[in-house]
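Below, each chain spelled out in residue letters.
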Amino acid sequence: MFRTILISAAVMIAANAPTFAGDADKESKVTLVFDHELPNAPGMSMKGVLVEYGPGGTSAAHTHPNSAFIYATVLEGAIKSQVNDGPVKVYSAGESFAENPGDRHGLSENASQSKPARLLAVFVVDTKEQDLVLPYR
């Protein structure tokens, strides 16, 4: 069922996502695309977040609510990522990675200076959480 939801969301996003042109703003665009309370886990929700990067786009260093488990799938392009003090990795379209509660995302950026990139981050998180991306220094 999770896979069906993820694939459905990815198809919906791919069909409706804007394209980037020229020297797009370097800050990523983050959009909540679904929010569904989990019937078998009271107080928890599944929230899907589309993160869009223009060419050379980045996200500021961040973390997430302490209750959040995240599973991210690259939908287009390639994303350069570093979680905690782990290695810097590049994930291409179709590849996925996970973030555990409390993880720090120090690097998250488009691996290309000429093409856009998009990823879908699916959160399992306390329903009450509204701010899913929290800056850190």
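Up top is the structure these notes are about.
Residues numbered from 1 in each chain as written. Predicted model: local features only at pLDDT ≥ 70, side-chain atom pairs only at ≥ 80, totals over all residues. Heavy atoms only, no water.

(A) Here's a closer look at the overall build of the chain. Broken down by element type, the chain carries one helix and 11 strands. Ordered by position from the N terminus, the helices and strands of the chain form the series α-β-β-β-β-β-β-β-β-β-β-β. Burial status across the chain gives 39% buried among its 137 residues. For the chain, long-range pairs separated by at least 24 residues make up 71% of all intrachain contacts whose partners lie at least 6 apart in sequence. Of the roughly 7600 Å² of accessible surface on the chain, a fraction of 54% belongs to carbon and sulfur atoms. (Helix = DSSP H or I, 4+ residues; strand = E, 2+ residues; numbered from the N terminus. Buried < 20%, exposed > 50% of the residue type's maximum accessible area, 1.4 Å probe, protein only. Contact = heavy atoms within 4.5 Å. Areas by Shrake-Rupley, 256 points an atom, 1.4 Å probe, with all protein chains shown as cover.)

(B) Here's a closer look at the side chain of Asp103. For Asp103, the position within the fold is in the loop between strand E8 (96-99) and strand E9 (104-110). For Asp103, which is buried and forms no salt bridge, the nearest opposite charge comes from Arg104, at a distance of 6.5 Å. Within the structure, Asp103 has its side chain in polar contact with the side chain of Asn84 (distance 2.8 Å). Not counting the four nearest positions on each side in its chain, Asp103 is found in contact with Thr63, His64, Val83 and Asn84. (Lys, Arg positive; Asp, Glu negative; His and termini not counted. Salt bridge = Lys/Arg side-chain N within 4 Å of Asp/Glu carboxyl O. Polar contact = N/O pair within 3.5 Å; in protein donor to acceptor, adjacent residues only side chain to side chain.)

(C) Just the sheet that holds strand E5 (residues 69-76), in detail. Spatially, E1-E2-E10-E5-E8 is the arrangement adopted by the five strands of the open sheet, whose pairing is antiparallel. Edge strands, defined here as strands with exactly one partner in the open sheet, are strand E1 (29-37) and E8. The average angle at which neighbouring strand axes cross in this sheet is 20 degrees, direction not considered. Both E5 and E8 contribute to a ladder of four bridges, which runs antiparallel. Bridge assignment links Tyr71 to a residue of E8, and that residue is Ala98. (Pairing = 2+ DSSP bridges. Axes fitted to C-alpha atoms, helices over the stretch in contact; angles between N-to-C directions.)

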